[in-house]
Amino acid sequence: MTNQNGTISSALPQDPALAGSVTRSLVSFFLLTYAVSWTCWLAAVKISHETRTPLAAVGVLRSTLLLVGAFGPALAAVLLTSRADGRRGLYALLARMFQGRVDLRWYLFAILYMPTIKLAVALTHRLASGMWPRFGHEGPILITIAILLSLPMQSGEELGWRGYALPHLACRFGWPFASVVLGAVWGLWHLPLFFLPGADKYGQSFLVYVIGTIAFSVAIAWVYARTHGSLLLTMLLHSAFDQTIGIVSDVLAPGEKPFALGASLSFILTVAFMWIVAVYLLVKMKALVSPRLQVV
């Protein structure tokens, strides 16, 4: 629910009627996002398990379902924003993806967040086990190109999770609680991909993944809040995260029990360092005051 300036006031939770409206918007967003994404992804899982012959048409259908599912949050955000706030609200939402006039330090944070964590992981792994972890083979140039190429694709998630859900949650419950709850919902959203053969999450530990996703959600929320709602920066952080997490490999051979806690040492260390950062940011978030929080 927005006012004439396209913002939500921090006084919103004190108004029961408006607070209820925000809650209904959030529930609608989560239900619609899950309906779109899980319908597509579960269909892709079914196709993958039942199709024995690698036909080209099957591969195209599977890829299409995965892509549409990945854009479930964005589709939900666009639909709900258009319905509630019309063209003006939709324009405000989309414009946030091009909001790049922020301090240089936030670009550095977005790009270096995961590489810094992975450096700490590698050193700790060496000290703890006496061996270096398995490193990826991609060089800095290839990683940079991959970050730039995948940047637009991050709009499928960021437009919804950070563009729509996070500001509504933060307005209703505050930044720390909002970032943690959204991380849990966001992590659960990925569940079907843990049963999809060929996916990087296939057969990995879903529980450890969700714990890490919550920590990452805190980091993204911090960037969002400190850049006045820049989705460009959250997209950059998300893209850099995806393309640099393989600097130190976390992946085990696909297992049969995604709900088990089994994970590689490097994965556990990665999540642990992410949470060290997250705890620090959660403490800092308590001091954030946004009397006029832009939302879509």
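Residues numbered from 1 in each chain as written. Predicted model: local features only at pLDDT ≥ 70, side-chain atom pairs only at ≥ 80, totals over all residues. Heavy atoms only, no water.

1. Here's the deal with the overall build of the chain
Rules: Numbering of helices and strands runs from the N terminus; a helix is a DSSP stretch of H or I covering at least four residues, while a strand is a stretch of E covering at least two. Think of it in three bands: residues with accessible area under 20% of the maximum for their type are buried, residues over 50% are exposed, and the middle band is partly exposed, with areas taken using a 1.4 Å probe on protein chains only. Here, residues are in contact when the closest pair of their heavy atoms is within 4.5 Å.
For the chain, the count of helices and strands is ten helices and two strands. Helices and strands in the chain line up, N terminus first, as β-α-α-α-α-α-α-α-α-α-α-β. Buried positions account for 45% of the 296 residues belonging to the chain. Considering only contacts within the chain whose residues lie at least 6 apart along the sequence, 80% involve residues at least 24 apart.

2. Points about the nonpolar core
We count it as follows: Take the buried residues of types Ala, Val, Leu, Ile, Met, Phe, Trp, Tyr and Cys, join any two whose side-chain atoms come within 4.5 Å, and each joined set is a nonpolar core.
In terms of nonpolar packing, the biggest core is built from 67 residues, with Phe29, Phe30, Tyr113, Trp161, Phe216 and Met274 touching the most fellow members. If we skip the residues at most four places from it in the chain, phenylalanine 30 touches Trp161, Ala165, Leu169, Leu182 and Val185. By size, the runner-up hydrophobic cluster in this structure holds nine residues, among which are Val208, Tyr209, Ile214 and Phe267.

3. Structural notes on a nonpolar patch on the surface
Stated formally: Each patch is built from residues lacking any salt bridge and having more than 30% relative accessible area; the joining distance is 9 Å for like charges and 5 Å for nonpolar side chains (Val, Leu, Ile, Met, Phe, Trp, Tyr). Each accessible area is a Shrake-Rupley result for a 1.4 Å probe, and residues are judged covered by the shown protein chains and nothing else. Salt bridges are defined by distance alone: a side-chain nitrogen of Lys or Arg within 4 Å of a carboxyl oxygen of Asp or Glu.
There is a patch of nonpolar side chains on the surface, built from Leu104, Leu108, Ile111 and Leu112 and spanning about 370 Å² of accessible area. Checked against the element boundaries, leucine 104 lands in helix H4 (residues 104–129). The exposure class of leucine 104 is exposed, given its relative accessible area of 59%.

4. Comments concerning the side chain of serine 150
Put simply, the rule reads: Each polar contact in these results corresponds to two N or O atoms within 3.5 Å; when the atoms are within protein, one needs to be able to donate a hydrogen and the other to accept it, and residues that are neighboring in sequence are counted only if both atoms are side-chain atoms.
Counting through the fold element by element, serine 150 comes out in helix H5 (residues 140–150). Given a relative accessible area of 12%, serine 150 falls into the buried group. Here the side chain of serine 150 touches isoleucine 147 through a polar contact of 3.3 Å, landing on its backbone oxygen. Ignoring sequence-local partners within four residues, the contact set of serine 150 consists of Ser239 and Gln243.

5. A closer look at unusual backbone geometry
A negative phi angle is the norm for most residues apart from glycine, just as the trans form is the norm for most peptide bonds. Despite not being glycine, histidine 228 shows a phi value in the positive range, around 60°. The residue histidine 228 is located in the loop between helix H8 (206–226) and helix H9 (231–244) in this model. Residue histidine 228 is classed as exposed on the basis of its relative accessible area, which comes to 63%.

6. Quick look at the packing of aromatic side chains
Here a ring pair, both rings aromatic, is described through the centre-centre distance and the interplanar angle of the planes. Keep this limit in mind: Ring pairs are drawn from Phe, Tyr and Trp, using the six-membered ring of Trp, whenever the two centres fall within 6.5 Å, and their geometry is named by plane angle: stacked under 30 degrees, edge-to-face over 60, tilted for the rest.
The final tally for this structure, using the stated rule, is 18 aromatic pairs. With a centroid separation of 4.6 Å and 50° between ring planes, the pair formed by tryptophan 41 and tryptophan 189 is classed as tilted. Taken together, the positions of tryptophan 41 in helix H1 (residues 16–50) and tryptophan 189 in helix H7 (residues 175–189) put the pair 148 residues apart, joining distant regions of the chain.

7. A few points about the side chain of serine 25
As for its position among the elements, serine 25 is in helix H1. Once residues lying within four places of it in the same chain are set aside, the contact partners of serine 25 are Leu80, Tyr164 and His168.

8. Examining the packing of H4 against helix H10 (residues 265–285)
Axes are the key here: two packed helices are described by the angle between their axes and the distance separating the axes. Our working definition: Only the stretch in contact is used when fitting a helix axis, every axis being a line fitted to C-alpha atoms; angles between N-to-C directions are given from 0 to 180 degrees. The scheme is simple: roughly parallel for angles under 35 degrees, roughly antiparallel for over 145, roughly perpendicular for 65 to 115, oblique for anything else. By convention the crossing between two helices is left-handed if the near helix lies anticlockwise of the far one by an angle smaller than a right angle, and right-handed if it lies clockwise. Each residue receives one of three labels: charged for Asp, Glu, Lys and Arg, nonpolar for Ala, Val, Leu, Ile, Met, Phe, Trp, Tyr, Cys and Pro, and polar for the others, Gly being one of them.
With their axes 9 Å apart at the nearest point, H4 and H10 run at an angle of 130° to one another. Judged on the interaxial angle alone, H10 and H4 are oblique. Viewed along their axes, H4 and H10 form a crossing whose handedness is right-handed. Contacts between H4 and H10 pair Phe109, Tyr113, Met114, Ile117, Lys118, Ala120, Val121, Thr124, His125 and Ser129 from the former with Leu265, Ser266, Leu269, Thr270, Phe273, Met274, Val277 and Leu281 from the latter. Looking at side-chain class alone, the contact of H4 with H10 contains twelve nonpolar, five polar and one charged residues.

9. Considering H10
This is how it is decided: To estimate the expected span of a helix, count its residues, drop one, and scale the result by 1.5 Å.
Taking 1.5 Å as the rise per residue, H10 with 21 residues should run 30 Å; its terminal C-alpha atoms sit 30 Å apart, in good agreement. Of the positions making up H10, those classed as buried are Ser266, Phe267, Leu269, Thr270, Val271, Met274, Ala278, Leu281, Leu282 and Met285. For H10, the elements touching its buried residues are H4, H7, H8 and H9.

10. What to know about the environment of leucine 288
Residue position: leucine 288 is located in the loop between H10 and strand S2 (292–294). Classification of leucine 288 as partly exposed rests on a relative accessible area of 22%. On a C-alpha basis, the gap between leucine 288 and tryptophan 175 in space is 7.8 Å, while along the polypeptide they are 113 residues apart. With sequence-adjacent residues up to four places away left out, leucine 288 is seen in contact with Trp175, Trp222, Ala225 and Arg226.

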